[in-house]
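# Chain and residue survey
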Amino acid sequence: MNAHPRPADDALEIDPADALERQRHGALLLDVREDDERAGGYASGSLGLPRGEIERCIADLAPAREREILTICAGGARSLLAAKTLRELGYANARSVRGGHARWRLEGLPMERGALDADASERYARHLVLPEVGVAGQQKLARARVALVGAGGLGAPIALYLAAAGVGTLTLIDDDVVERSNLQRQVIHADARVGMPKVDSARAALDALNPNVRVVTVHERLRAANVEAILGGHDLIVDGADNFPTRYLLSAASLRLGLPLVYGAVHRFSGQVSVFDPRRADSPCYRCLFPQPPSAAEAPNCSEAGVLGVMPGIVGLLQANEVLKLVLGIGEPLVGRLLCHDALAGTFRELRLPRDPACPGCGAGATFAGYEDVARICAA
């Protein structure tokens, strides 16, 4: 029972200070905003119940219909409608807090911090309404540490969308500088930054997009001597490289460090994506796909063979999607599957990529003789 006396009139609205006093005497303060709005903070002691769920859930929260219920929203409009709904349901002591949280904050009444600050609640609002993401998922993204090898064609869309999604720490690894010929496909860079190290150019774009993401830059080439030192401490690796020596080093490091590797590659009008996850017993590795490096004639680079400008964007976004799935623990990653895209035909084709028992990288008889040995294989 509510110990606080009822007001003399039957007004549907009360001031925030009055609401706080009534809450202290047993009234239920019901925040009828959506969950993503509450993530930015809420009135102390309030319970969250979105307005659309009142009819379904209120009986569990307040089985005694004589209890005083105070509704609050952002500015007072939704809470007034909620109070009317409650009265129609038989809660005669339902009232709305005039001015909502805007006035509650203005009057300095007690607040509790939400799981996300106001900036994050607004920035990731479309994530927060997805049941598969929500506040908990957004916090997972904020804690994620992703190593992105390559800040060029594939790295550009990957970095932009991972930063936009709120990945907490993004390490960019690339030893190259921006050239004008890059701009046809490497959309993270700009004409004014030609000649700048790609990692610095990319960081400028990412800082402008989402200043809350920590961008770490490594302006050096990945080598046998530094691969573990650079990649260690991350949660997963993204392959945005454009050469086989780097990819074989990444594959070895992925296996040694137990880190998932999100693979992508483009060639002229086609591209492919897969996920190699050494945490799974059924997962192949990169060398199950390419046991030995192909010759330069068999696999020319973009400057020799050319590439349609949108191809790295298509493949890079598919890679970014795999990263988000892995971090959030949702969906089915492309483990054991190679997704191939033909831009001219406008088709996608999925190929089975089982683990190779005789794989020189992850097979039962595979031996690791050091990263220098891997580098020698590629050099040969």
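Whatever comes next refers back to the structure up there.
Treat the numbers as computed from the prediction; the structure is a model and nothing was measured.

Definitions and cut-offs
- Residues numbered from 1 in each chain as written.
- Predicted model: local features only at pLDDT ≥ 70, side-chain atom pairs only at ≥ 80, totals over all residues.
- Heavy atoms only, no water.
- Buried < 20%, exposed > 50% of the residue type's maximum accessible area, 1.4 Å probe, protein only.
- Helix = DSSP H or I, 4+ residues; strand = E, 2+ residues; numbered from the N terminus.
- Pairing = 2+ DSSP bridges.
- Right-handed = clockwise from strand over helix to strand, strands pointing away.
- Axes fitted to C-alpha atoms, helices over the stretch in contact; angles between N-to-C directions.
- Parallel < 35°, antiparallel > 145°, perpendicular 65-115°, else oblique.
- Left-handed = near helix turned anticlockwise from the far one by under 90°.
- Contact = heavy atoms within 4.5 Å.
- Nonpolar A, V, L, I, M, F, W, Y, C, P; charged D, E, K, R; others polar.
- Phe/Tyr/Trp six-rings, centres within 6.5 Å; stacked < 30°, edge-to-face > 60°.
- Lys NZ or Arg CZ within 6 Å of the ring centre and 35° of its normal.
- Disulfide = S-S within 2.5 Å.
- Expected span 1.5 Å × (residues − 1).
- Core = buried A, V, L, I, M, F, W, Y, C linked by side-chain atoms within 4.5 Å.
- Salt bridge = Lys/Arg side-chain N within 4 Å of Asp/Glu carboxyl O.

This part is about the pairing of strand S5 (residues 69-72). The two faces of S5 match: Ile-69 and Thr-71 on one face and Leu-70 and Ile-72 on the other face are all buried. In this structure, S5 lies alongside strand S6 (residues 94-97), joined through three bridges in parallel fashion. Along S6, the bridge assignment pairs Ile-69 with Ala-94. After leaving S5, the chain enters helix H4 (residues 77-88) and then returns to the sheet as S6, a path that is right-handed.

The subject of this paragraph is the packing of helix H9 (residues 155-165) against helix H15 (residues 311-328). Any two packed helices are characterised by how steeply their axes cross, that is the angle between the axes, and by the distance between the axes. For the pair H9 and H15, the least separation of the axes is 8 Å and the interaxial angle reads 40°. In terms of orientation, H9 and H15 fall into the oblique class. As for how H9 packs across H15, the hand of that crossing is right-handed. Facing H9, whose interface residues are Pro-157, Ile-158, Tyr-161, Leu-162 and Ala-165, H15 presents Pro-312, Gly-313, Gly-316, Leu-317, Gln-319, Ala-320, Val-323 and Leu-324. Residue composition of the contact of H9 with H15, by class: 10 nonpolar, three polar and no charged.

A few words on the side chain of Asp-239. As for its position among the elements, Asp-239 is in strand S11 (residues 236-239). In this structure Asp-239 comes out as buried when scored by relative accessible area, which is 1%. What Asp-239 contacts, discounting residues up to four positions off in sequence, is Val-149, Leu-154, Arg-247, Leu-250, Leu-261, Val-262, Tyr-263, Gly-264 and Gln-319.

Phi angles above zero are rare outside glycine, and Arg-268 is one such case at about 55°. Position of Arg-268 among the secondary structure elements: in the loop between strand S12 (261-267) and strand S13 (270-276). Here Arg-268 falls in the partly exposed class, since its relative accessible area comes to 41%.

Glancing now at the packing of aromatic side chains. Note on aromatic pairs: each is described by the distance of the centres and the angle between the planes. The full count for this structure, using the stated rule, is eight aromatic pairs. An angle of 75° between the planes, with centres 6.2 Å apart, marks the rings of Phe-276 and Tyr-286 as edge-to-face. Separated by 10 residues along the polypeptide, Phe-276 in strand S13 and Tyr-286 in helix H13 (residues 286-289) bring together distant segments of the chain. The burial state of Phe-276 is the same as that of Tyr-286; both residues are buried. Taken together, the aromatic side chains of Phe-244, Tyr-248, Tyr-263, Phe-276, Tyr-286 and Phe-290 make up a single cluster linked through ring pairs. For the cation-ring pair, Arg-38 lies above Tyr-42, with the distance from its terminal atom to the ring centre recorded as 4.2 Å.

This part is about the pairing of strand S10 (residues 214-218). Walk down a regular strand and you will see the side chains alternate between the two sheet faces. The sheet contact formed by strand S9 (residues 169-173) and S10 spans five bridges and is parallel. Within S10, the residue paired with Thr-169 across the bridge is Arg-214.

Moving on, we come to H9. In terms of burial, H9 is largely enclosed, as eight of its 11 residues are buried. Among the residues making up H9, those that are buried are Gly-155, Ala-156, Pro-157, Ile-158, Ala-159, Leu-162, Ala-163 and Ala-165. Looking one or two residues past H9, Gly-166 carries a phi angle of roughly 95°, positive in sign.

The tally for this structure, following the rule as stated, stands at zero disulfides. No disulfide involves Cys-57; its sulfur sits 18 Å from that of Cys-73, the nearest cysteine. According to the relative accessible area criterion, Cys-57 is buried, its value standing at 16%. No disulfide involves Cys-288; its sulfur sits 3.5 Å from the nearest other cysteine sulfur, which is in Cys-362.

Okay, helix H12 (residues 244-257) next. Given 3.6 residues per helical turn, the α-helix brings residues three or four places apart onto the same face. Helix length check: H12, at 14 residues, gives a terminal C-alpha distance of 20 Å against a target of 20 Å (1.5 Å per residue), a fit within 8%. Within H12, 10 of the 14 residues are buried, which leaves it mostly tucked inside the rest of the structure. Looking one or two residues past H12, Gly-258 carries a phi angle of roughly 70°, positive in sign.

Let us now look at the nonpolar core. One finds Val-146, Leu-162, Leu-170, Leu-172, Leu-206, Val-238 and Val-323 to be the most contacted residues of the largest nonpolar core, which totals 40 residues. If you list the elements that add at least two residues to this core, you get strand S8 (145-149), H9, S9, helix H10 (198-209), S11, S12, S13 and H15. Take this core: its biggest share by element is eight residues, from H15. Those residues within four positions of Leu-172 in sequence are excluded, and the remaining contacts are Leu-148, Ala-159, Val-199, Ala-202, Arg-203, Leu-206, Val-215, Val-216, Thr-217 and Val-218. Membership of the second largest hydrophobic core comes to 29 residues, among which are Ile-237, Ala-252, Tyr-263 and Cys-340.

Across the sheet, which stays open at both edges, the five strands sit in the order S1-S6-S5-S2-S4 with parallel pairing between neighbours. Strand pairing shows two members of the sheet lacking a second neighbour, strand S1 (13-14) and strand S4 (47-48), which therefore form its edges. In the packing of H4 onto the sheet, the strands contacted are S1, S5 and S6, and the crossing angle to S6 comes to about 180°.

What follows is about the pattern of salt bridges. For the structure on display, the rule yields 23 salt bridges. Salt-bridge contacts for Glu-228 lead to Arg-256; the nearest nitrogen and oxygen are separated by 3.9 Å. Of this pair, Glu-228 sits in helix H11 (residues 227-231) while Arg-256 sits in helix H12; the two residues are 28 residues apart in sequence, bridging distant segments of the chain. Across the pair Glu-332 and Arg-280 runs a salt bridge, and its minimum N-O distance is 3.6 Å. Of this pair, Glu-332 sits in the loop between H15 and strand S14 (337-342) while Arg-280 sits in the loop between S13 and H13; the two residues are 52 residues apart in sequence, bridging distant segments of the chain. Under the relative-accessibility criterion, Glu-332 is labelled partly exposed at 47%. Given a relative accessible area of 26%, Arg-280 falls into the partly exposed group. When salt bridges that share partners are traced, they join Glu-13, Asp-15, Arg-98, Arg-103 and Glu-107 into one network.

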